[in-house]
Amino acid sequence: MYPSRFRYEAPRSIGEALELLRAGDGEAKVLAGGQSLVPLLKLRFASPELLVDINGLPGLDYHRADPDGTIRVGALCRHADLERSTLLAGRQPTMAAAAPLVADPIVRNRGTLVGSLCHADPQGDWSAVVTALGGHVVAEGPDGRREIPIGRFVDGPFQNALAYDEIAVEAVIPAPEGTPAGGYLKLERRVGDFATAGTAVAVETSGGLVTRAGIALTGVGGSTIDAAEAAKVLVGRPLTADVIGEAAALAAQAAQPKSDHRGSAKYKRHLVHTFVERILTRVGDTTERAA
């Protein structure tokens, strides 16, 4: 199929882009990587009257760390940039683990982390990662900038909290207070397929104890699942086998999978349990060796 007719604009400043969105009155779409939007246009699941291409906007293709360790990812930073990043490898292992697993190499060359968050796919990778890390999205609109915690930004399947005249310009990961560790695991039938189940785990440790933890799930519910209770049991405790098993069991309980052609609900819960256990065991072994 071919997309329905639309007007195309390529603004050269955020102000110009915001004015176009305002004039579009809710009938405009923002194009960054386009790896989710273009297929929707072709299938006519999305039929905007106006397409606002922000690829010409300057200064949004960055990912960087502030002096305090906060990581900022601009709206035009590609998945491939994060996959090759030496910054993430040393500062945020959960993000570093997820970057090579996003879709396939072709999609990673064009798609963006911020665009993935905006798309809010229940099987998306970055939403789970940013949730586990306690991140937020910075939106810019006619009244200036506002910060939206990821738990309120993704407010349903394929739904986000942006107003029609706002653009998500940045994703922010808070600075760790302890030593960061974690990982991201998912099962897919083939490279680039949607996840049957995926888990993002992020912990910070100090003195052999967990000082902060986040666990988030993808592919096992109508939207990204924040397994907060599973993460809570880790805080203030060492990563022993019993503690890890307790967290893995609670994460599996938090999952809301449905049986389909990818597997039964029971199987998907088992995957969540296994992935959380595997990541935390690896972190625990590393922490013990470092001590």
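About the thresholds
- Residues numbered from 1 in each chain as written.
- Predicted model: local features only at pLDDT ≥ 70, side-chain atom pairs only at ≥ 80, totals over all residues.
- Heavy atoms only, no water.
- Phe/Tyr/Trp six-rings, centres within 6.5 Å; stacked < 30°, edge-to-face > 60°.
- Lys NZ or Arg CZ within 6 Å of the ring centre and 35° of its normal.
- Helix = DSSP H or I, 4+ residues; strand = E, 2+ residues; numbered from the N terminus.
- Buried < 20%, exposed > 50% of the residue type's maximum accessible area, 1.4 Å probe, protein only.
- Contact = heavy atoms within 4.5 Å.
- Salt bridge = Lys/Arg side-chain N within 4 Å of Asp/Glu carboxyl O.
- Pairing = 2+ DSSP bridges.
- Axes fitted to C-alpha atoms, helices over the stretch in contact; angles between N-to-C directions.

(A) Local environment of the packing of aromatic side chains. One pass over the full model with this rule turns up zero aromatic pairs. Directly above the aromatic system of Tyr-62 lies the positively charged group of Arg-64, at a separation of 4.1 Å from the ring centroid.

(B) The side chain of Lys-268, seen in detail. Mapped onto the elements, Lys-268 comes out in helix H12 (residues 265-290). Note on Lys-268: relative accessible area 3%, which makes it buried. With residues up to four places along the chain from it excluded, the contact list for Lys-268 reads Thr-196, Ala-197, Val-220, Pro-257, Lys-258, Asp-260, Arg-262 and Gly-263.

(C) Just the pattern of salt bridges, in detail. Counted according to the given criterion, the structure contains twelve salt bridges. For Arg-72, the salt bridge identified is with Glu-170, shortest N-O distance 3.1 Å. Within this pair, whereas Arg-72 is found in strand S5 (residues 71-74), its partner Glu-170 is found in strand S10 (residues 167-173), the two being separated by 98 residues in sequence. Between Arg-145 and Glu-140 there is a salt bridge whose closest N-O contact spans 2.9 Å.

(D) Spatial organisation of the sheet that holds S10. With antiparallel pairing, five strands are arranged side by side in an open sheet as S4-S5-S10-S6-S7. A single partner strand is all that each edge strand has here, and the edge strands are strand S4 (63-65) and strand S7 (144-149). Going across the sheet, the axis of each strand differs from the next one's by a mean of 25°, ignoring polarity. The pairing of S5 with S10 spans four bridges and is antiparallel. Residue pairing in the sheet places Gly-74 in a bridge with Glu-170 of S10.

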